[in-house]
Amino acid sequence: MFTPMVAGLVAVLTSDISLSTVGLRLGRPRWLAAAALVALPLVGLTLVLSLAVPGVSFDPAANPLPGVPLPGGVAGLLAVFGVVLVAGVTINAVFAFGEEFGWRGYLLWELAPLGFWKASLSIGALWGLWHAPVILDGYNFPSFPVVGVGMMALACVAFSPLYTYLVVRADSVFAAALLHGVFNGSAGFVAVYARSDSELVAQLVASPVGLAGAAVFGLAAALLAVRGTPELTRETLGGPAPASTAD
């Protein structure tokens, strides 16, 4: 997960671009908080949509935190959300930052002249295809590795506009790391609570990186399109590119 960050750092540190220019700054706290919190309702909606798929059933006895005793009822649910949120904005966010500094830090700044939608969808496609080696090795879609590469690309394209939106609003790449971290921590709810005997349904449909997750984030992207997206330029992200000088 740290390879995009390494690539981004090499690009920045071998040029006249500052780390602040590509989003490495605190930004706006309320939008950082929004980025951390928005993953939970999106994963919840993905679970609801997954349960609406024929052949998928809800497992009320499932424990999303194996080995951790939880109280029953609402208290147990709140405890799970609390653990997921804390892990998401700490250890998960650290690993997620390894990706996001590359994708929504340096690369977003580099592609900003394309505008909000072209830059978001381009980064989403690259982000999805970047997962291809681990997908082909059985990650996320162990029964359908080849189809899984395409599914992961579709999911990442659907995810990307919301990530871009929050980075621009928060004025910080940390917004993407927080969203990514909490999403990774809570996405397992879908696999735990939504059960299917069909591997195809479980892996490609009723999954946070399957059709259900892509549909939910696609809906979020559609809402952004209706509401209007912020202007995306290098200036709005942190400043223009430095003037090149001839040797």
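Residues numbered from 1 in each chain as written. Predicted model: local features only at pLDDT ≥ 70, side-chain atom pairs only at ≥ 80, totals over all residues. Heavy atoms only, no water.

Draft legend 1. Representation of the overall build of the protein chain within the structure. Helix and strand content of the protein chain: 12 helices and two strands. Taken from the N to the C terminus, the helices and strands of the protein chain come in the order α-α-β-α-α-α-α-α-α-α-β-α-α-α. The proportion of buried residues among the 247 residues of the protein chain is 48%. For the protein chain, the accessible surface area stands at approximately 11,500 Å², while carbon and sulfur atoms represent 70% of it. Across the protein chain, the mean location of the 9 positive side-chain charges is 12 Å away from that of the 12 negative side-chain charges. (Helix = DSSP H or I, 4+ residues; strand = E, 2+ residues; numbered from the N terminus. Buried < 20%, exposed > 50% of the residue type's maximum accessible area, 1.4 Å probe, protein only. Areas by Shrake-Rupley, 256 points an atom, 1.4 Å probe, with all protein chains shown as cover. Lys, Arg positive; Asp, Glu negative; His and termini not counted. Charge placed at Lys NZ, Arg CZ, Asp CG, Glu CD.)

Draft legend 2. Up close: the UniProt feature "transmembrane region" (unreviewed entry) in the protein chain. UniProt's feature table lists "transmembrane region" (unreviewed entry) at residues 6-24, 31-53, 73-95, 107-130, 142-166, 173-194 and 200-226, given in the numbering used throughout. With 83% helix and 0% strand, residues 107-130 has end C-alpha atoms that lie 14 Å from one another. (UniProt positions renumbered as here; feature names shortened; annotations may be inferred.)

Draft legend 3. View of the packing of aromatic side chains. Throughout the structure, instances matching the rule amount to 14 aromatic pairs. Seen in terms of ring centroids, Trp 103 and Trp 130 are 5.8 Å apart; in terms of plane orientation they differ by 75°. Their pairing is edge-to-face. Of this pair, Trp 103 sits in helix H4 (residues 91-111) while Trp 130 sits in helix H5 (residues 116-130); the two residues are 27 residues apart in sequence, bridging distant segments of the chain. For Trp 103, a relative accessible area of 10% corresponds to the buried category. Using a relative accessible area of 29% as the deciding quantity, one classes Trp 130 as partly exposed. Ring geometry for Phe 189 against Tyr 193: centres 6.4 Å apart, planes inclined by 70°, an arrangement best described as edge-to-face. A residue pair is termed a helical-turn pair when its members lie 3 or 4 positions apart in one helix, as Phe 189 and Tyr 193 do in helix H9 (residues 188-193) at four residues. For Phe 189, a relative accessible area of 8% translates into the label buried. Connected via pairs of aromatic rings, a cluster forms that spans Trp 127, Phe 159, Tyr 163, Phe 183 and Phe 217. For the cation-ring pair, Arg 104 lies above Trp 127, with the distance from its terminal atom to the ring centre recorded as 4.3 Å. (Phe/Tyr/Trp six-rings, centres within 6.5 Å; stacked < 30°, edge-to-face > 60°. Lys NZ or Arg CZ within 6 Å of the ring centre and 35° of its normal.)

Draft legend 4. Region of interest: unusual backbone geometry. A positive phi is found at Asn 140, a non-glycine position, where the angle reads about 70°. Along the chain, the position of Asn 140 falls in the loop between helix H6 (132-136) and helix H7 (145-170). Not every positive phi belongs to a glycine, and Asp 171 is a case in point at roughly 60°.

Draft legend 5. The side chain of Ser 50, seen in detail. Looking at the secondary structure, you find Ser 50 in helix H2 (residues 29-51). Residue classification places Ser 50 among the buried residues on the basis of a relative accessible area of 0%. A polar contact is formed between the side chain of Ser 50 and the backbone oxygen of Thr 46, at a distance of 2.8 Å. Residues in contact with Ser 50, not counting those within four places in the same chain, are Val 56, Val 190, Ala 194, Ala 206, Ser 207 and Ala 212. (Polar contact = N/O pair within 3.5 Å; in protein donor to acceptor, adjacent residues only side chain to side chain. Contact = heavy atoms within 4.5 Å.)

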